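# Remarks on the overall topology
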Amino acid sequence: MRGFRILLAGLALTGLLAGCEQGMESSLPPKARPPDLVKPPEPVAKPSARSEELRTYYARVQADLKAQGLMRQDGGGIDTPYTARQLAENFERIALYDEYARGGGLRAVADAPSHLRRWVVPVRIGVEFGETVPADLREEDRQYVSSYAARLARLTGHSVTMARGGGANFHVLVMGEDDRPEALRRIRQLVPSISEASLDIFRTLPRSIHCLVVAFSGGSNDYEYRRAIAFVRAEHPDLMRQSCYHEEMAQGLGLANDSPHARPSIFNDDDEFALLTTHDEMLLKMLYDPSLRPGMTPDEARPIVSEIAGALAGGPS
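Here we summarise the structure given alongside this text. Treat the numbers as computed from the prediction; the structure is a model and nothing was measured. (Residues numbered from 1 in each chain as written. Predicted model: local features only at pLDDT ≥ 70, side-chain atom pairs only at ≥ 80, totals over all residues. Heavy atoms only, no water.)

Across its full length, the chain holds eight helices and nine strands. Counting across all 317 residues of the chain, residues that qualify as buried make up 49%. (Helix = DSSP H or I, 4+ residues; strand = E, 2+ residues; numbered from the N terminus. Buried < 20%, exposed > 50% of the residue type's maximum accessible area, 1.4 Å probe, protein only.)

As for its position among the elements, arginine 226 is in strand E9 (residues 221–233). For the pair formed by arginine 226 and proline 122, sequence separation is 104 residues and the distance between their alpha carbons is 8.5 Å.

Looking now at the pattern of salt bridges. By the definition in use, this model includes 20 salt bridges. Here aspartate 98 ties to arginine 117 by a salt bridge, and the two come within 2.5 Å at their closest N and O atoms. With aspartate 98 in strand E2 (residues 97–100) and arginine 117 in the loop between strand E3 (108–113) and strand E4 (118–119), the pair connects residues that are 19 residues apart, well separated along the chain. This pair shows no difference in class: aspartate 98 is buried, exactly as arginine 117 is. The partner of glutamate 272 in a salt bridge is arginine 263, and the shortest N-O contact between them spans 2.9 Å. Via salt bridges that share partners, Arg72, Asp74, Asp79, Arg263 and Glu272 belong to a single interconnected network. (Salt bridge = Lys/Arg side-chain N within 4 Å of Asp/Glu carboxyl O.)

Further remarks concern the packing of aromatic side chains. Here the structure, examined in full by the defined rule, presents five aromatic pairs. Relative to phenylalanine 231, the ring of phenylalanine 202 has its centre 6.2 Å away and its plane inclined at 80°; by these criteria the two rings are edge-to-face. With phenylalanine 202 in helix H5 (residues 196–203) and phenylalanine 231 in strand E9, the pair connects residues that are 29 residues apart, well separated along the chain. Neither phenylalanine 202 nor phenylalanine 231 differs from the other in exposure class; each is buried. Following the ring pairs from residue to residue traces out a cluster consisting of Trp119, Phe170 and Tyr225. Across from the ring centre of tyrosine 97, 4.0 Å away, lies the NZ or CZ of arginine 93, which sits over that ring. Sitting over the face of the ring of tyrosine 57, arginine 207 holds its NZ or CZ atom 3.6 Å from the ring centroid. (Phe/Tyr/Trp six-rings, centres within 6.5 Å; stacked < 30°, edge-to-face > 60°. Lys NZ or Arg CZ within 6 Å of the ring centre and 35° of its normal.)

What follows covers the packing of helix H3 (residues 135–156) against helix H7 (residues 278–287). At a closest axis distance of 8 Å, the pairing of H3 and H7 adopts a crossing angle of 60°. Relative to H7, H3 is oriented oblique. Contact with H3, carried on its side by Arg151, Leu152, Leu155 and Thr156, involves Glu281, Leu284 and Lys285 of H7 and no other residues of that element. Here the contact of H3 with H7 is composed, by residue class, of three nonpolar, one polar and three charged. (Axes fitted to C-alpha atoms, helices over the stretch in contact; angles between N-to-C directions. Parallel < 35°, antiparallel > 145°, perpendicular 65-115°, else oblique. Contact = heavy atoms within 4.5 Å. Nonpolar A, V, L, I, M, F, W, Y, C, P; charged D, E, K, R; others polar.)

Bringing the pairing of strand E8 (residues 211–218) into the picture now. Most of E8 sits out of view: eight of its eight residues are buried. Because side chains alternate across E8, one face comprises the buried residues Cys211, Val213, Ala215 and Ser217, and the other comprises Leu212, Val214, Phe216 and Gly218, equally buried. Across eight bridges, the pairing between E8 and E9 is antiparallel. Bridge assignment links glycine 218 to a residue of E9, and that residue is asparagine 221. (Pairing = 2+ DSSP bridges.)

Here the bond from arginine 263 into proline 264 is cis, since omega is 5°, no more than 30 degrees from zero. Mapped onto the fold, proline 264 is located in the loop between helix H6 (238–251) and H7. In this structure, methionine 71 takes a positive phi of about 55° despite not being glycine. Note that methionine 71 resides in the loop between helix H1 (49–67) and helix H2 (84–95). At aspartate 271, a residue that is not glycine, the phi angle is positive and equals roughly 60°.

This paragraph deals with the pairing of strand E7 (residues 170–175). Taking burial as the measure, the six residues of E7 include six buried ones, the bulk of the element. Here E7 shows two buried faces, one formed by Phe170, Val172 and Val174 and the other by His171, Leu173 and Met175. Relative to E7, strand E5 (residues 123–129) is paired through five bridges, and the arrangement is parallel. Counterpart to isoleucine 125 in the pairing with E7 is phenylalanine 170. Sheet topology note: the E7/E9 ladder contains six bridges and is parallel. If you follow valine 174 over to E9, its bridge partner there is valine 232.

In structure tokens:
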């Protein structure tokens with residue numbers, strides 16, 4: 001998926017009274033619920049021409065990719081082998097290099113060496129939808145994200161759960177083009193100190209960027225994550241939306257870069273795979289291995305990464 005990531009310092013229930021106790025009859029006719037207590041469904045505004053245009057465009061993109069045999073959902077197989085050495089090299093490129101300049105918006109850098117970054121506090125995921133997103137899609141995607149969060153927790157060994165009753169620190173905003181003003185207001189509310197350069201990423205997001213994640217550090221260590229915001233376009237068809245959840249949530253955990261050599265993987269821009277692969281699962285396990293620590297440089301991490309990759313891939317690196 002063509003994503004982007006930059007890393008910066010109740011349900012109302014109605015019951016029916018089916019009658020009285022067995023053997024008793026009621027002489028009172030059933031009463032209809034007073035009209036003023038019946039809450040009509042909230043109307044969803046008709047999408048703008050721009051939103052409909054994007055919906056048509058992304059549906060065509062997905063159809064074209066699938067027709068080419070891309071956006072695979074099989075996680076990789078015998079046609080995508082990789083060695084422990086390749087796994088270690090891919091991890092270094094994806095977890096220890098930057099794709100975009102820190103604080104530079106969409107300005108790319110030529111794979112600049114960086115430091116290992118990951119969360120040091122429990123990740124609490126909150127999913128928020130724009131007003132234009134239909135109720136059925138909201139429920140379906142909320143369940144999908146919840147299931148994926150549980151998978152990320154199992155892979156990393158780190159606490160990753162859905163936020164309950166507030167307290168989210170990893171915010172997943174699912175919003176359409178017509179929800180953009182709402183999204184900007186919400187982002188300002190979540191991160192009052194956000195720079196205009198970072199906010200402009202959300203404000204002027206080009207069509208070629210399908211989704212994005214911005215992670216924020218906190219405290220005295222620039223490489224310890226404490227908050228993140230992922231933005232997913234509501235105009236995407238189902239598989240593209242799911243692909244965005246997979247990529248941005250995983251990258252928001254610390255796999256910040258892409259590599260054209262990583263295969264099978266969603267951490268590149270070739271769109272061969274839509275969903276997290278077995279290779280990517282190993283990258284997440286490596287990222288949260290206790291022998292690594294936030295702030296490590298590529299040189300510091302390399303011998304440890306090589307050893308971990310050898311153990312995971314079942315052979316010498």
